[in-house]
Amino acid sequence: MRNLLCLGAVMLALAGCAAPQQPNADADTLARVAYRQPGPATLTLYTMINNRSGRGGHASLMVNASERVIFDPAGSFYASVVPERNDVLYGITPAVEKAYRGAHARSTFHVIVQQVEVTPEQAEKAYQLVVNNGRVPGAFCAQATTGILQQIPGFENIDRTFYPEKLAEQFGQLPGVVTDRYYENDSADLQDGLARSDAALSAAEE
């Protein structure tokens, strides 16, 4: 019974880590928006942190491999110009990455951004894992992200956890990780942030 109560508390704390599923984009759409950020192969862990409690509300992983994508397990992010397939966001240009951070950062949450350079082989392994993972149930974002990381050479020692902030602590201890925190002080309503990000990206496409 105690374990069930603890699990229920975790699910409640991660209520934001559960969103309505978006329809899967087709292969032609994904190919049309494919983008790779110039420079080294990288993995970037995003952790959305409650400014009052310090607890994590969501975790996601950006992979810069043969193309740059964001594994957003059970995530809330949506933009009309950013196609999604099985919890993976495609076409992650600098503008889209900024919109992704900005949509989550607000008066009640900030975003921990942790990036590490990896080999092209590690990045491609991560890319294949996320695009083949499939959709993730609500509140399992940290579990799914750690599951991906554990299969990448050099990241096997990361422990499974339901708590995004615990994952961020582990990730931050890895050699070469650069950690930043991103803040905005706008509306506490996530949907408002998503709408503004969507509008800005759509305007940039015109």
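Here the structure is shown first, and the text comes after it.
Residues numbered from 1 in each chain as written. Predicted model: local features only at pLDDT ≥ 70, side-chain atom pairs only at ≥ 80, totals over all residues. Heavy atoms only, no water.

### Focus on the overall build of the protein
What counts, and what does not: Secondary structure follows DSSP: runs of H or I at least 4 residues long count as helices, runs of E at least 2 residues long count as strands, and numbering of each begins at the N terminus. Residue exposure (1.4 Å probe, protein chains only): buried if accessible area is under 20% of the type maximum, exposed if over 50%, otherwise partly exposed. Any pair of residues with heavy atoms lying within 4.5 Å of one another is described as a contacting pair. Shrake-Rupley sampling with a 1.4 Å probe provides the accessible areas, and residues are treated as covered by the protein chains on show and by no other component.
Within the protein, the secondary structure is distributed over 7 helices and 7 strands. Beginning at the N terminus, the succession of helices and strands in the protein can be written as α-α-β-β-β-β-β-α-β-α-α-α-β-α. Residues classed as buried in the protein amount to 49% of the 206 residues present. Long-range contacts, defined here as pairs at least 24 residues apart, represent 70% of the contacts in the protein between residues at least 6 apart. As presented, the protein carries roughly 9900 Å² of accessible surface, and 52% of it is formed by carbon and sulfur atoms.

### Let's talk about helix α6 (residues 164-172)
For clarity, the cut-off: Regarding the arc, it is the one traced by the directions from the helix axis to the C-beta atoms.
Turning to α6, its buried residues number three or more, namely Pro164, Glu165, Leu167, Ala168 and Phe171. An end-on view of α6 places all buried positions within 155° of arc, on one side of the element. Buried residues along α6 sit against β1 (42-50), β2 (56-64), β6 (109-117) and α5 (141-149).

### Focus on the pattern of salt bridges
Selection rule: Put simply, a salt bridge is a Lys or Arg side-chain nitrogen that is within 4 Å of an Asp or Glu carboxyl oxygen.
Overall, the coordinates contain 4 salt bridges when judged by the stated rule. Linking Arg135 and Glu84 is a salt bridge whose minimum nitrogen-to-oxygen distance equals 3.7 Å. In this pair, Arg135 sits in the loop between α4 (120-131) and α5 while Glu84 sits in strand β4 (residues 84-85), placing the two residues 51 residues apart along the sequence. Residues Asp87 and Arg135 are paired through a salt bridge, measuring 3.7 Å at the closest nitrogen-oxygen approach. Taken together, the residues span a long stretch of sequence, with Asp87 in the loop between β4 and β5 (88-89) and Arg135 in the loop between α4 and α5 at a distance of 48 residues. One connected set of salt bridges, linked through shared partners, spans Glu84, Asp87 and Arg135.

### Some words on α5
Residue pairs spaced three or four apart in an α-helix point in one direction, given the helix's 3.6 residues per turn. Burial analysis of α5 places 9 of its 9 residues in the buried class, the great majority of the element. Of all the positions in α5, only Cys141, Ala142, Gln143, Ala144, Thr145, Thr146, Gly147, Ile148 and Leu149 are classed as buried. Of the surrounding secondary structure, the elements contacted by the buried residues of α5 are β1, β2, β3 (68-71), α4 and α6.

### Considerations on the pairing of β2
This is how the line gets drawn: Only when DSSP finds a minimum of two bridges between them are two strands counted as paired.
Burial within β2 is extensive, with 9 of its 9 residues counted as buried. Bridge count for β2 against β3 is 4 bridges, and the pairing is antiparallel. Along β3, the bridge assignment pairs Val63 with Val69. Here β2 folds back onto β3 in antiparallel fashion, the turn holding 3 residues.

### Some thoughts on the sheet that holds β3
Filter applied, for reference: Only the stretch in contact is used when fitting a helix axis, every axis being a line fitted to C-alpha atoms; angles between N-to-C directions are given from 0 to 180 degrees.
One open sheet accounts for 7 strands, arranged β4-β5-β3-β2-β1-β6-β7; its pairing is antiparallel. Edge positions in the sheet fall to β4 and β7 (178-182), since each of these pairs with one other strand and no more. Bridge count for β3 against β5 is 2 bridges, and the pairing is antiparallel. Of the residues in β5, the one forming a bridge with Ile70 is Leu89. Together, β1, β2, β3, β5, β6 and β7 form the strand contacts of helix α3 (residues 94-104), whose direction differs from that of β1 by roughly 20°. The strands touched by α6 are β1, β2 and β6; relative to β1, the strand with the most contacts, the crossing angle is about 140°.

### Examining the packing of aromatic side chains
Put simply, the rule reads: To pair, rings of Phe, Tyr and Trp, with the six-membered ring standing in for Trp, must have centres within 6.5 Å; the planes then decide the type, stacked if under 30 degrees apart, edge-to-face if over 60, and tilted in the middle. Here, a charge over a ring means that NZ of Lys or CZ of Arg falls within 6 Å of the ring centre while also lying within 35 degrees of the ring normal.
Using the criterion set out here, one finds 4 aromatic pairs in the structure. Each ring, one from Tyr46 and one from Tyr100, has its centre 5.3 Å from the other, and the planes form 65°; the classification is edge-to-face. Remark: Tyr100 occurs in helix α3 and Tyr46 occurs in strand β1; sequence separation between them is 54 residues. An identical accessibility class is assigned to Tyr46 and Tyr100; each is buried. Residue placement shows Arg101 over the ring face of Tyr182; its charged tip is 4.6 Å from the ring centre.

### Describing unusual backbone geometry
Most peptide bonds adopt trans geometry, and most residues besides glycine take a negative phi value. Located in the positive-phi region is Asn86, a residue other than glycine, with phi close to 50°. Phi angles above zero are rare outside glycine, and Asp87 is one such case at about 70°. Classification of Asp87 by relative accessible area gives buried; the value is 5%.

Purely geometric numbers; function is a separate question.
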